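# Working through the structure, step by step
For reference, the chains in residue letters:
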Amino acid sequence: MELKNFIGGKWIESDTLRKVPIINPANEEILGEVPLSTNSEVELAVSAAKDAQKRWALIPAPKRADYLYEIGYKLKEKKEYLAQVLTKEMGKVIEEARGEVQEGIDMAFYMAGEGRRLFGETTPSELADKFAMSVRSPIGVVGLITPWNFPIAIATWKSFPALVAGNTFVWKPSIETPMMAYELGKIFEEVGLPDGVANIVFGAGTDVGTALIEHPDVKVISFTGSNATGSKVAELGGKHLKKVSLEMGGKNAVIVMDDADLKLATEAIIWSAFGTAGQRCTACSRVIVHKDVKNELEEQLLEGISKLTIGDGLDPTVKVGPVINRAALEKISHYVQIGKQEGARLLVGGSALSNPPFDQGYYFEPTIFTDVKNEMTIAQEEIFGPVVSVIEVNSLEEAIEVNNSVKFGLSSSIFSQDVNKIFKAQRDLDTGIVYINAGTTGAEIHLPFGGTKGTGNGHRDSGQAALDVYTEWKSIYIDYSGKLQRAQIDTE
Ligand code: UN1
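Residues numbered from 1 in each chain as written. Predicted model: local features only at pLDDT ≥ 70, side-chain atom pairs only at ≥ 80, totals over all residues.

### Some remarks on the sheet that holds strand β21 (residues 433–436)
If you walk across this open sheet you meet the 7 strands as β14-β17-β18-β13-β12-β20-β21, and the pairing is mixed. Each having just a single partner strand, β14 (345–348) and β21 make up the two edges of the open sheet. Each neighbouring strand pair of the sheet contributes to a mean axis angle of 25°, computed without reference to strand direction. Pairing analysis gives 3 bridges linking β14 to strand β17 (residues 367–370), with the strands arranged antiparallel. Bridge pairing links Val-348 to Ile-368 in β17. Sheet strands in contact with helix α10 (residues 294–306) are β12 (252–256), β13 (284–290), β14, β17 and β18 (387–393), and its direction is about 50° off that of β14. Along the sheet face, helix α11 (residues 326–341) touches β14, β17 and β18 and points at about 30° away from the line of β18. (Pairing = 2+ DSSP bridges. Helix = DSSP H or I, 4+ residues; strand = E, 2+ residues; numbered from the N terminus. Axes fitted to C-alpha atoms, helices over the stretch in contact; angles between N-to-C directions. Contact = placed C-beta atoms within 7 Å.)

### Regarding the packing of helix α2 (residues 61–77) against helix α5 (residues 153–164)
For the pair α2 and α5, the least separation of the axes is 8 Å and the interaxial angle reads 150°. For the element pair α2 / α5, the angle class is roughly antiparallel. Contacts between α2 and α5 involve Ala-61, Arg-64, Ala-65 and Leu-68 on the former and, on the latter, Phe-160, Leu-163 and Val-164. Of the residues that constitute the contact of α2 with α5, the class distribution is 6 nonpolar, no polar and 1 charged. (Parallel < 35°, antiparallel > 145°, perpendicular 65-115°, else oblique. Nonpolar A, V, L, I, M, F, W, Y, C, P; charged D, E, K, R; others polar.)

### Brief notes about the site of the ligand
The ligand sits among Glu-103, Asn-149, Phe-150, Ala-153, Arg-280, Cys-281, Thr-282, Thr-441, Gly-442 and Ala-443. Taken together, the residues of the shell around the ligand sort by class into 4 nonpolar, 4 polar and 2 charged. Counting contributing residues per domain, the shell around the ligand is built from domain 1 (5–248 + 456–476) and domain 2 (252–436), each supplying no fewer than three. (Near = placed C-beta within 6 Å. Domains from an automatic or database assignment.)

### Observations regarding the UniProt feature "active site" (unreviewed entry) in the protein chain
On the UniProt side, "active site" (unreviewed entry) is annotated at positions that read Glu-247 here. Note that Glu-247 resides in strand β11 (residues 243–247). When residues no more than four places from it in sequence are discounted, the contact partners of Glu-247 are Thr-224, Gly-450, Gly-456 and Asp-461. (UniProt positions renumbered as here; feature names shortened; annotations may be inferred.)

### Looking at the domain arrangement of the protein chain
Domain assignment breaks the protein chain into domain 1 (5–248 + 456–476) and domain 2 (252–436). Centre-to-centre, using C-alpha coordinates, domain 1 lies 31 Å away from domain 2. Contact residues are listed per partner, giving 14 residues for domain 1 and 18 residues for domain 2. Elements that contribute at least two residues to the side of domain 1 that touches domain 2 include exactly α3 (79–90) and α4 (94–114). For the side of domain 1 that touches domain 2, a count of residues per class yields 6 nonpolar, 4 polar and 4 charged.

### Points about the sheet that holds strand β23 (residues 471–479)
Backbone hydrogen bonds hold the strands of a sheet together, and the pairing may be parallel or antiparallel. Strands sit in the order β5-β6-β23 across an open sheet of 3 strands; the sheet is antiparallel. The strands lining the two open edges of the sheet, one partner per strand, are β5 (121–124) and β23. Within the sheet, the average angular offset between the axes of one strand and its neighbour, ignoring direction, is 25°. In terms of strand pairing, strand β6 (residues 130–138) meets β23 through 9 bridges, oriented antiparallel.

### So, helix α1 (residues 39–58)
A rise of 1.5 Å per residue sets the reference length of α1, with its 20 residues, at 28 Å; its end C-alpha atoms lie 29 Å apart and thus fit the reference within 8%. Residue Ala-52 marks the point of greatest curvature in α1, where the axis turns by about 35°. Inspection of α1 places Glu-41, Val-42, Ala-45, Val-46, Ala-48, Ala-49, Ala-52, Gln-53 and Trp-56 among the buried residues, and these make up the whole buried set. (Expected span 1.5 Å × (residues − 1). Bend = angle between axes of the 7 residues up to and from the residue. Buried ≥ 20, exposed ≤ 12 C-beta atoms within 10 Å, placed from the backbone.)

### Regarding the UniProt feature "domain: Aldehyde dehydrogenase" (unreviewed entry) in the protein chain
Look at the UniProt record and you will see "domain: Aldehyde dehydrogenase" (unreviewed entry) annotated at residues 11–476. With 41% helix and 22% strand, residues 11–476 has end C-alpha atoms that lie 41 Å from one another.

### A closer look at the nonpolar core
Residues Leu-68, Val-170, Val-254, Ile-255 and Val-256 are the most contacted members of the largest nonpolar core, which totals 143 residues. Residue assignment places this core across two domains, with domain 1 (5–248 + 456–476) and domain 2 (252–436) each supplying three or more. The contacts of Ile-255, once residues within four sequence positions are left out, are Ile-288, Ala-399, Asn-403, Ser-413, Ile-414, Phe-415 and Ala-425. (Core = buried A, V, L, I, M, F, W, Y, C linked by C-beta atoms within 7 Å.)

### Details of the pairing of β6
Regular strands place side chains that alternate from one sheet face to the opposite one. The pairing of β5 with β6 spans 4 bridges and is classified as antiparallel. Considered in β6, the bridge of Thr-123 is made with Ala-132. Counting the residues that bridge the hairpin from β5 to β6 gives 5 residues, and of these Asp-129 lies at a positive phi of roughly 50°.

### Concerning the environment of Lys-243
Among the secondary structure elements, Lys-243 is positioned in strand β11. In this structure the C-alpha to C-alpha distance between Lys-243 and Arg-18, which are 225 residues apart in sequence, comes to 31 Å. Each residue touching Lys-243, except ones within four places of it in the same chain, is listed here: Lys-219 and Val-220.

### What about unusual backbone geometry?
Residues apart from glycine generally show negative phi values, whereas peptide bonds are mostly found in trans. In the segment running from Pro-356 into Pro-357, the intervening peptide bond is cis, with an omega of 5°. Within the element layout of this structure, Pro-357 appears in the loop between β15 (352–353) and β16 (363–364). Here the phi dihedral of Asp-129 falls at roughly 50°; this positive angle occurs in a residue that is not glycine. Along the chain, Asp-129 falls in the loop between β5 and β6.

### Quick notes on the confidence of the model for the protein chain
With 100% of its residues at a pLDDT of at least 70, the protein chain reaches an overall mean of 97. This prediction of the complex comes with two scores: 0.97 for pTM and 0.97 for ipTM. (pLDDT = per-residue confidence, 0-100.)

### Quick notes on the environment of Phe-449
Tracing the backbone through its elements, the reader meets Phe-449 in the loop between β21 and β22 (452–453). Classification of Phe-449 as buried rests on a count of 26 C-beta atoms within 10 Å. Considering only alpha carbons, one finds Phe-449 and Pro-178, 271 residues apart in sequence, at a separation of 24 Å.

Given below as structure tokens:
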């Protein structure tokens, strides 16, 4: 399978000579090839999007939303097929792949409903016989840059609110998961989305991404990815005065207090830390545990981890699939080495798997470090793999302080039965998402998704909040007095 760009409603072969293989991380099978497109292809896509946007914005929002309903039905119809492709291309286990497609379906129907809301505001004017209101206006062409770990869900979090609000887009999906973008593109085509409304250009960040950010006709950039790339996107976007929405990493913690339901906490930690092989922005990579229950929690975690089957995610009994590529495997191994060198104690795991049946594919054992000190590298940096650090604390206050001491602020969680502790924690945990008696993953699409500090720049994906990224407020004053009235000037 050789992928083509989707520009102006047509699949167009890239002119580039540079192509990269698409590799199944479970067995290193080559699934196809993806082009690293050229700047002129970005130019073509932006111009198609710009041209289409004028007409798209004039279609009433409830009618634009009808396309999203159709997309939702198609996603539903193809759910199993898409989940299979997703598992093959990205590696997450099939159950989670189905869950991710479901996120896309939910987002389609949720944002389609927005077509009949898109609420504005009416506000009393300070002058007599004058009416004031504010409406959400589309911004124009938006550029979407999405990651490989949720290739369908995150694309829908960004593209659906953009569309319903009257924008068109050029999307650069991750080079690791282009087949999911192709599948979504096919659905756009099948539902008859007008030409140029949705455009896909395959490529790597440094060429296609830069061209997109620098293009004067791209007014908004919405990016999800690493902190390092995000800050480059922000810098370049800032230089060109773009509205930039960033959603970057996490160093999410589960706090386990001395009165916690340890069985439940254990299940939640295992799911949040090792689901998707730890490759979620929301993954749990720290356990902050009260000293009185540390030993017992660790015993239960060890027991839980022993039940996890590792392997190809297409096998329904497998709970932990491969990581995305060899570079990820090396990065995770590197962090484990640093953890050991800095004096953390390896409780379980710690190695990449290379003996048959794992000699093909990129597998890393679920790993837990204990006796981790907060200042250690593994307690501070995002590893993006199945590695968790257990940090001991003496009180709720200390737990919150440790939680908040990292540069990220996406998700956090606390296990306690004490309502006072819970209410204090939800107020003081400095993250965009807080879970009570649940793990750090599993955000629902109708709530704002994003985080504080190094996780983002104040914007949110999902929920109503996403509309703020893709609309501009327009304030409209209607003076029906028939005479010149001057605001702020005393005419008495
Ligand atoms: C991500 O990892 O970037 O909350 C997205 C969750 C999922 C989405 C994660 N619904 O874990």
